[in-house]
Amino acid sequence: KELRRLNRVRLHQQVLFLSDVLCVKGKKIDPKYKRLRWEDETWSNRIFPYEEPSSTDLKIWKSALNQLAPGGRLSVSARVGNWVHVGHKLQPWRYDDEANILFRHHGEDLMDEYPRAMIPPHNTNSGRYTKFGSNRARAPCNVACTVEEMAPAIY
């Protein structure tokens, strides 16, 4: 019964491989997999069957993720490393190292721009970004990254 619950969440979350639930560097759990995917979100370019996981299903899923990566981080021996080619998992976030800007790709050819946060108290941390521009034409930037929302609209 527990495996059925885990599989229900796995399908809902559009997961095929262990690497799907990990961040781009393969060192920790991607935080978005700790919550249920919204119906209008797509996390894969594959088609998955429709599932409606319960809160109990999600609780078991989170417990499994915690067993895999206590505290959210995999042990050194369990890490899978950086991803080396594009798979089925959609990676909407990109980082431009030279400009120090995050981009979130969406739609066929659009992106949102997130420069370094200038709003106190978030402007004191160089790793905080906030949305500046929306629905711009997508610019080439191939460095995928995993992003976590730290506060409303602060990444």
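Rules behind the numbers
One numbering rule holds for all chains: residues counted from 1, following each sequence as written. Confidence filtering applies because this is a predicted model: local features only for residues at pLDDT of at least 70, side-chain atom pairs given and counted only at 80 or more, and all residues used for totals across whole chains, interfaces and linings. As a convention, hydrogens and water are excluded, and side-chain values are obtained from all of the structure's heavy atoms. In this description a helix means any DSSP run of H or I spanning at least four residues, a strand means any run of E spanning at least two, and both kinds are numbered starting from the N terminus. Any two residues having at least one pair of non-hydrogen atoms within 4.5 Å are treated as being in contact. Salt bridges are counted wherever a side-chain nitrogen of Lys or Arg sits within 4 Å of a carboxyl oxygen of Asp or Glu. The criterion for a disulfide is a pair of cysteine sulfur atoms lying within 2.5 Å. Here the term buried applies to any residue with accessible area under 20% of the maximum for its type, exposed to any over 50%, and partly exposed to those in between, with areas from a 1.4 Å probe on protein chains only. Paired strands, in this sense, are two strands between which DSSP finds at least two bridges. The angle between two axes is taken between their N-to-C directions and runs from 0 to 180 degrees, where each axis is a line fitted to C-alpha atoms and a helix contributes only its stretch in contact.

Asks: Outline the environment of Lys32, supporting the account with residue identities and numerical values.
Replies: Positionally, Lys32 belongs in the loop between helix H1 (2-12) and helix H2 (55-68). The spacing of Lys32 and Asn135 is 103 residues in sequence and 22 Å in space, taken between C-alpha atoms. Beyond its immediate sequence surroundings of up to four residues, Lys32 is in contact with Gln13, Trp43, Lys89 and Leu90.

Asks: Describe the pattern of salt bridges, naming the residues involved and giving the relevant values.
Replies: The tally for this structure, following the rule as stated, stands at seven salt bridges. Close ionic contact of Asp57 with Arg8 constitutes a salt bridge, the shortest N to O distance being 2.7 Å. Of this pair, Asp57 sits in helix H2 while Arg8 sits in helix H1, and the two are 49 residues apart along the sequence. Linked through salt bridges whose partners overlap, the residues forming this network are Arg5, Arg8 and Asp57.

Asks: Can you break down the state of the cysteines residue by residue, with the values?
Replies: Counted under the stated rule, the structure contains zero disulfides. In this structure Cys23 is a free cysteine whose sulfur lies 10 Å from that of Cys145, the closest cysteine sulfur available. Classification of Cys145 as buried rests on a relative accessible area of 16%.

Asks: Hey, could you go over the sheet that holds strand E3 (residues 110-115) for me, with residue numbers and the actual values?
Replies: Read across the sheet, four strands follow the order E1-E2-E3-E4 without closing on themselves; strand pairing throughout is antiparallel. Of all the strands in the sheet, the pair left with one neighbour each is strand E1 (93-96) and strand E4 (133-137). Between one strand axis and the next, the sheet turns by 35° as a mean value, whatever way the strands run. Where strand E2 (residues 101-106) meets E3, six bridges bridge the pair, whose relative direction is antiparallel. Looking across to E3, one finds that Arg104 is bridged to Asp112.

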